[in-house]
Amino acid sequence: MAKTCAFKAEIRQMLDLVIHSLYSKKEIFLRELISNASDAIDRAKYLALTDKTIAPEAPAWGIRLVTDDKAHTLTIEDNGLGMSAEEMEEALGTIAKSGSKAFAEALKAGKETNIPELIGKFGVGFYAAFMVADGVTVESLRRGEGQVAAKWMSAGDGEYTMDAGSRTEPGTSITLHLREGMEQFTEGWTLKDLVRRYSDFIAYPITLKELGREVKEEEKAKVEEEEKQPLNTMVALWKRAKSEVKPEEYEGFYRQTLHGTGEPLKVLHIAAEGTLEYRALIFIPKQVGMEMMMPGNKHGLSLYVRNVFIGDEIEELLPNWLRFLKGVVDSSDLPLNVSREMLQDDAIIRKIRSDLTNRVLKALAEMVKEKPEDFECFSGALGDFLKEGYHSDWENKEKILELLRFRNLKEGKWTGLKAYKEAMGKEQQAIYMLTADTLEAGQQNPCLEQLKAKGYDVLFLTSPVDQFIAGDLYEYDKTKIVFADKGDLDLGGDAAAQKDELEAAEKELKPLTETIAKQLEKSVKEVRLSARLTDSPCCLVQDPAAMNPAMRRMLEAMGQSVPEEKRILELNPKHPIVKALAAESDEARKADTVELLYGQACLADGTLPPNPANFNRLLNALLAR
Ligand code: ADP
Ligand code: MG
């Protein structure tokens, strides 16, 4: 008995957009339906490992396209797992899957205009059928004992109908009643072309039967033979020799199967042999969405064991910091019935993970040498992941350190420690770094004045992840790493003369430093003179062990309470304002100037003056004068 139901609202909305998108590549519906058929066979094969009733005698797994140019239909058949009536309703009538939900939300947000890319990304492939069909019939018989055939029909207009099905063989057939103008999808050569273009690596034979084709008696045998010939080469991409795979095949796989966006930056086609045997295709993307930085985000590689799909988003195959990678691993050393739970502490998986990590690091090191512009792109978009790796992956710390890039003072360019060191003058004793909110804020920080005067370069740590690694950076290739706003900045040179000069100034300015220290008692822990500055009257610095201000702001923004840590105010004894301040006799005016100077020092490293309203009042009064 047939029953008609309304689609869930989100589906209706999504269907509307999919149908009416003016996208010219409507042909992608085919790769989506074929990939669903292939998924269904994968699942049947997998379940058959533990459940004898799924495939009592192993069938010849396959997918068949059947065209009828008189009826204007195209049918995609498979002998995969099939669906029960409930499963059909669940899979085709509601948005139960997170992917479809995310798709609907992305559409609602209205930012994404590239519908086909979205379809691929979120895997709402089935509905793509409505781009070319104004009626879709799904007939299915679920594998397993006691199943009955079911039928699902819809014109894509907001409703679907469920009815008893007529399939007698387990599997699914999806019949598309093609829209006017879509007749090309009943043409054999069009379909052959599309299969080769989009579905060549599907691991099961895709065959074609043209019902409308007039065949002479004497040609019948030949045509029957033809109908058995698969249109696809079938060998999984990662099983083929590297030299035989075209770049567009990699790209197609990356986008359609792995739901990657854009073009990949680099592909690693791995055929490991020897003690550890496995094959893998690893894609380094050009960029990833923000969600990748979130701790709970799903990621990981797909895993196959001897051609049987085990699962996707297998996190165990990569260290967490490499979660931006996409790809597949195929191992013949694992048992076929491996479960997700078993993967967690499997020795082979651990070995594959460490081998993959090494290969990725090696590929990045090669990219530095051979394709520096690619590596620059990588550093800009994905460098934070490497920094996370530096912080968390003890085994590979040294290799990762070589790959870290920071923007520099001189050109604002992504610079590595090696390049920095090579560009250093003989007299420069240390590598200088500074944490800052942005490159521009860093470049303006008065703490760098002496360094600038000496012509030294400085590397900036500007991303939130940088704040975590700042504490781990103390040496590179036997050269000390010094944070320019921490402790005493010993710049070498004629140290003795500098020290004498500073000591003399200290004596002379002692009353001033004491007055300021008293006035700013609540805010700063010490007031002292320094040689760090050339142009500015003062700046704020920290104890070498203190938490840097950018880290503090970040933790506070995350809602953590951070213990108050006072900083040190350094004065430039040679600066005219400091000199004038020492000579100032009007106590009130002196106090105001001190407050203004302190406020400026705060602003220079990205924090607000303690009392912004008063700071403004004093500044206005000064301007008025
Ligand atoms: P996805 O493939 O990403 O899950 P689709 O929209 O392509 O999303 O398919 C929705 C669901 O419909 C599938 O997850 C599957 O459960 C079911 N399905 C679609 N086609 C088939 C098929 N040929 N055989 C069995 N199940 C299918
Ligand atoms: Mg699909």
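> Would you take a moment to explain the overall build of the chain for this structure?
Looking only at helices and strands, one finds 21 helices and 22 strands in the chain. Computed over C-alpha atoms, the radius of gyration of the chain comes to 33 Å, more than 25% over the 25 Å expected from 2.2 N^0.38 for 625 residues, which places it beyond the range of a compact globule. Seen through its principal axes, the chain has C-alpha atoms that stretch 115 × 55 × 40 Å. Within the span of the chain, comprising 625 residues, buried residues form 49% of the whole. Long-range pairs, those at least 24 residues apart, make up 70% of the contacts in the chain with a sequence separation of at least 6.

> It is not clear to me how the sheet that holds strand S20 (residues 524–529) should be interpreted in this structure. Could you clarify?
Sheet strands associate in pairs through backbone hydrogen bonding, adopting either a parallel or an antiparallel arrangement. Overall, mixed pairing links the three strands, which are arranged S20-S22-S21 in an open sheet. Two strands lie at the open edges of the sheet, namely S20 and strand S21 (538–541), each paired on one side alone. The mean angle between the axes of side-by-side strands here comes to 25 degrees, regardless of whether they run parallel or antiparallel. Relative to strand S22 (residues 567–571), S21 is paired through four bridges, and the arrangement is antiparallel. Following the sheet pairing, cysteine 539 is matched in S22 by glutamate 570. Across the sheet, helix H20 (residues 587–604) lies against S20, S21 and S22, angled at about 55 degrees from S21, the strand it touches most.

> Mind showing me how you'd approach the pairing of strand S9 (residues 264–272) here?
On a regular strand, one side chain projects to one face of the sheet and the next to the other, so that they alternate. The pairing of S9 with strand S10 (residues 278–285) spans eight bridges and is antiparallel. Bridging from a neighbouring strand, leucine 268 pairs with isoleucine 282 of S10.

> Help me out: how do you make sense of the side chain of serine 530 in this one?
Relative to the elements of secondary structure, serine 530 occurs in the loop between S20 and S21. A polar side-chain atom of serine 530 sits 2.9 Å from the main-chain amide nitrogen of arginine 532. Those residues within four positions of serine 530 in sequence are excluded, and the remaining contacts are Leu502, Glu570, Leu571, Asn572 and Pro573.

> For this particular structure, what's the right way to read unusual backbone geometry?
A negative phi holds for most residues other than glycine; trans holds for most peptide bonds. Phi at histidine 72 is positive, roughly 55 degrees, even though this residue is not glycine. For histidine 72, a relative accessible area of 34% translates into the label partly exposed. Positive phi outside glycine occurs at aspartate 477, with the angle close to 45 degrees. In this structure, aspartate 477 sits in the loop between strand S18 (475–476) and strand S19 (479–483).

> Explanation requested: the sheet that holds strand S15 (residues 414–415) in the structure shown.
The strand order across the open sheet built from six strands is S15-S14-S17-S16-S19-S18, with neighbouring strands paired in mixed fashion. The strands lining the two open edges of the sheet, one partner per strand, are S15 and S18. Looking at chain direction, strand S16 (residues 430–435) and strand S17 (residues 459–461) are connected through three bridges and run parallel. Counterpart to leucine 434 in the pairing with S17 is phenylalanine 460.

> Explain the environment of leucine 17 to me, please; I cannot follow it from the model alone.
Its place among the elements puts leucine 17 in helix H1 (residues 9–20). Considered as a pair, leucine 17 and methionine 131 are 114 residues apart in the sequence and their alpha carbons are 9.6 Å apart.

> Just to check I follow, could you spell out the environment of alanine 505 for this structure?
On the secondary structure map, alanine 505 appears in helix H17 (residues 495–519). Among the residues examined, alanine 505 registers a relative accessible area of 14% and is labelled buried. Linking alanine 505 and glycine 262, residues 243 residues apart in sequence, is a C-alpha distance of 61 Å. Not counting the four nearest positions on each side in its chain, alanine 505 is found in contact with Leu529 and Pro573.

> Got a minute to help me understand helix H10 (residues 347–370) in this structure?
Each α-helix turn comprises 3.6 residues. Residues three or four places apart therefore point the same way. Under the 1.5 Å per step criterion, the end-to-end length of H10 is 34 Å for 24 residues, consistent within 8% with the ideal 34 Å. Considered for burial, the residues of H10 that qualify are Ile349, Ile352, Leu356, Thr357, Val360, Leu361, Ala363, Leu364 and Met367. Capping the start of H10, aspartate 346 holds a side-chain oxygen 2.8 Å from the backbone nitrogen of isoleucine 348, two or three residues further along.

> What is the right way to read the pattern of salt bridges from this model?
Opposite charge on two side chains makes pairing possible when the charged atoms of those side chains draw close. The tally for this structure, following the rule as stated, stands at 23 salt bridges. Between arginine 197 and glutamate 27 there is a salt bridge, with its nearest N and O atoms 3.3 Å apart. With a gap of 170 residues between them, arginine 197 in helix H6 (residues 188–198) and glutamate 27 in the loop between H1 and helix H2 (28–48) connect regions that are remote in the sequence. One salt bridge connects glutamate 32 with arginine 31, and the closest N-O pair in it is separated by 2.7 Å. For the pair glutamate 32 and arginine 31, one class covers both residues: buried. What you see here is one network of salt bridges that share partners, running through Glu27, Asp193 and Arg197.

Criteria and thresholds
Residues numbered from 1 in each chain as written. Chains lettered and ligands numbered in written order. Predicted model: local features only at pLDDT ≥ 70, side-chain atom pairs only at ≥ 80, totals over all residues. Heavy atoms only, no water. Helix = DSSP H or I, 4+ residues; strand = E, 2+ residues; numbered from the N terminus. Rg over C-alpha atoms; globule rule 2.2 N^0.38 Å. Buried < 20%, exposed > 50% of the residue type's maximum accessible area, 1.4 Å probe, protein only. Contact = heavy atoms within 4.5 Å. Pairing = 2+ DSSP bridges. Axes fitted to C-alpha atoms, helices over the stretch in contact; angles between N-to-C directions. Polar contact = N/O pair within 3.5 Å; in protein donor to acceptor, adjacent residues only side chain to side chain. Expected span 1.5 Å × (residues − 1). Salt bridge = Lys/Arg side-chain N within 4 Å of Asp/Glu carboxyl O.

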